[in-house]
Amino acid sequence: MQSYAEALDYLMLKLPMFSRIGDAAYKKDLTNIRKLCEALQHPEKQFPAIHIAGTNGKGSVSHMLAAIFQQAGYRTGLYTSPHLIDFRERIRINGMMIPEEEVLAFVRKNHLLAESISPSFFELTVAMAFDYFAREKVDMAIVETGLGGRLDSTNILMPELSIITNISFDHQHLLGNTLAAIAGEKAGIIKPGVPVVIGEYHPETFPVFVEKARERNSPLYLATEYWQVSAGRANQPWILKSLTDNRQWPCNPDLTGIYQQKNIATVLTAIDVWQRHMAGHRPKIAPEHILSALSRVKQLTGLSGRWDIVKTHPLVVLDVAHNEAGIAEVMQQTARQQYHQLHIVTGFVKDKDVAAALRQFPLHARYYFTRAQLPRALDPDALAQLAFHYRLTGNVYNTVAEACRDALQQAGPDDMILVCGSVFVVGEALQALQKIMETA
């Protein structure tokens, strides 16, 4: 293996990859990741970590936490998935993606080990991240689960703090058909004696977390009891208000989706709990670190695709919302915008509850049905037929680039274009829009 491109082909084509092929790549135990990490001298035990699960919001929470630790002077590792454009987005230190030569060196050194264990793409990527964080001696690693929690490869960690953002319906065929069952899978990241922060209260799921925390003797904190975040109107600062003391701060977050109110409350609670229980003699995280970080998460960590405004005339917004709850949040935000005509570019993968997501879409929009270039993608003709049942009409496009190009041609300067429905559609749209705007 001589080049980064060859290493990437090995990872993404030779190994089972969930984002590409779906369930066949999902390994329902931790055997492989344990074998990999044992062969790598247990990198997962060589750095402190915060571990984050949840149906929606875990990516935003992970990036915000990483930004805060970076601002406080910590050498901060960040592991998230999936990536939008570049594989290396998944593994970062202080916002910088893992170098290509590190990826090549890891694959070259460990491909025979991988062939003896037969891991999935995700399992080997988690091992790569942990190995990189250990060798680079990070002061803190922020680690997002992939799918679920209990059987997720990242769950070999013994973190200093666990976070579960929220629970809604997604991947029911793998995680369970009730919110309580899904919560049970996510609650698998709660470790003995390790504090856990729950982002949102839900009557079906909260008792599951309380019981698991009681079993594990883990202190549990519900974010909505500790912080209240109020979004400002029209360029006014957001207000971050502690519910337990007199702290109240104005903040200008760069992640401006209204749904980030809940995520910021979760992050603030997590920082408070971590400092109270786990910080010890390590550098203190001060309010100025938090407020500075929240104002430039994208710059510090490279996050994109969360109510991401990439053009203003027309207004073009990308959001990786891809399930019923996520789409509902984005549509609430869309309803707050001023526009003449709404254009929605959308595509889904086959194993989602697409009908439940489509029910959240507005009737008055003009639709551009498309697909990402991967085997899991739902055929856009089938998507258009399903959408027609919900009185959503528009044209069909074989590629995301074609859909984006037509939407831009059709939209007037006072219109809005929203791209959502699949992480992979958003990733391809981001690339396509960059090329279109560069040549305009």
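Look up: the structure comes first, before these words.
What counts, and at which threshold
Residues numbered from 1 in each chain as written. Predicted model: local features only at pLDDT ≥ 70, side-chain atom pairs only at ≥ 80, totals over all residues. Heavy atoms only, no water. Helix = DSSP H or I, 4+ residues; strand = E, 2+ residues; numbered from the N terminus. Buried < 20%, exposed > 50% of the residue type's maximum accessible area, 1.4 Å probe, protein only. Pairing = 2+ DSSP bridges. Axes fitted to C-alpha atoms, helices over the stretch in contact; angles between N-to-C directions. Contact = heavy atoms within 4.5 Å. 1 Å grid on protein atoms, 1.4 Å probe; cavity = no way out; pocket = protein on both sides within 12 Å on 5 of 7 lines; lining within 4 Å. Points joined across faces, edges and corners; volume = space filled by probe spheres on them. Nonpolar A, V, L, I, M, F, W, Y, C, P; charged D, E, K, R; others polar. Salt bridge = Lys/Arg side-chain N within 4 Å of Asp/Glu carboxyl O.

**Student:** How should I be thinking about the environment of Leu30 in this particular structure?
**Tutor:** Note that Leu30 resides in the loop between helix 2 (18–21) and helix 3 (31–39). On the basis of relative accessibility, which here comes to 8%, the residue Leu30 falls in the buried class. For Leu30 and Ala387, which are 357 residues apart along the polypeptide, the C-alpha to C-alpha distance reads 39 Å.

**Student:** How do you make sense of the sheet that holds strand 15 (residues 366–369) when you look at a structure like this?
**Tutor:** In a beta sheet, neighbouring strands pair by backbone hydrogen bonds and run either parallel or antiparallel. Across the sheet, 6 strands lie side by side as 12-13-17-14-15-16; this open sheet has mixed pairing. Strands with a single pairing partner mark the edges of an open sheet, and in this sheet they are strand 12 (308–312) and strand 16 (394–396). Across this sheet, the average inter-strand angle for adjacent strands is 15 degrees, counted without regard to direction. When strand 13 (residues 315–318) meets strand 17 (residues 416–420), the two strands line up parallel, connected through 4 bridges. Residue Val317 lies in a different strand from strand 17, and its bridge partner there is Leu418. Sheet strands in contact with helix 13 (residues 324–335) are strand 14 (342–346) and strand 17, and its direction is about 170 degrees off that of strand 17.

**Student:** Looking at this structure, how should I read the layout of surface pockets?
**Tutor:** Unfilled space is identified by rolling a water-sized probe across the atoms. Roughly 520 Å³ of internal volume is contained in the second largest pocket. Along the walls of the second largest pocket sit 16 residues, with Gly232, Ala234, Asn235, Trp238 and Thr256 positioned nearest its centre. For the lining of the second largest pocket, the class distribution of residues is 7 nonpolar, 7 polar and 2 charged.

**Student:** Help me understand the pairing of strand 17 in this model?
**Tutor:** By the criterion of burial, strand 17 is predominantly enclosed, with 5 of the 5 residues buried. Taking every second residue as pointing to the same face, both faces of strand 17 are buried, with Met416, Leu418 and Cys420 on one and Ile417 and Val419 on the other. Alignment of strand 14 against strand 17, held across 5 bridges, turns out to be parallel. Note on strand 17: the bridge partner recorded for His343 is Ile417.

**Student:** Looking at this structure, how should I read the sheet that holds strand 9 (residues 227–230)?
**Tutor:** Pairing is antiparallel in the open sheet, where 3 strands are placed in the order 9-10-11. Edge positions in the sheet fall to strand 9 and strand 11 (248–251), since each has one partner strand and no second. Shown here is a sheet whose adjacent strand axes are inclined to one another by a mean of 15 degrees, direction ignored. Relative to the sheet, helix 10 (residues 260–277) contacts strand 9, strand 10 (238–242) and strand 11, its axis offset from that of strand 9 by approximately 145 degrees. Strands strand 10 and strand 11 of the sheet are contacted by helix 11 (residues 287–294), whose axis makes an angle of about 30 degrees with strand 11.

**Student:** In this structure, what is going on with unusual backbone geometry? I would like to understand it.
**Tutor:** Cis peptide bonds are those with omega within 30 degrees of zero, and the linkage from Ser81 to Pro82 qualifies with -10 degrees. Mapped onto the secondary structure, Pro82 falls in the loop between strand 2 (76–79) and strand 3 (91–93). Geometrically, the link from His313 to Pro314 is a cis peptide bond, its omega value of 0 degrees lying close to zero. Tracing the backbone shows Pro314 in the loop between strand 12 and strand 13. With phi around 55 degrees, Lys137 is a residue other than glycine that occupies positive phi space. With respect to the helices and strands, Lys137 occurs in the loop between helix 6 (121–135) and strand 5 (140–144). Residue Lys137 is classed as exposed on the basis of its relative accessible area of 63%. Even without being glycine, Arg391 reaches a positive phi, approximately 60 degrees. Following the sequence through the fold, Arg391 ends up in the loop between helix 15 (380–389) and strand 16.

**Student:** Please clarify how the pattern of salt bridges should be interpreted in this entry.
**Tutor:** Oppositely charged side chains are able to pair whenever their charged atoms sit close together. With the rule as written, the count across this model stands at 13 salt bridges. Note that Arg282 is salt-bridged to Glu160, the shortest N-O span being 2.9 Å. Of this pair, Arg282 sits in the loop between helix 10 and helix 11 while Glu160 sits in the loop between strand 5 and strand 6 (161–164); the two residues are 122 residues apart in sequence, bridging distant segments of the chain. The class for Glu160 is buried, based on a relative accessible area of 15%. Among the ionic pairs, Arg247 bridges to Asp245, the shortest N-O distance being 3.0 Å. With relative accessibility at 24%, the residue Arg247 sits in the partly exposed group. Classification of Asp245 by relative accessible area gives partly exposed; the value is 37%. When salt bridges that share partners are traced, they join Glu102, Asp131 and Arg135 into one network.

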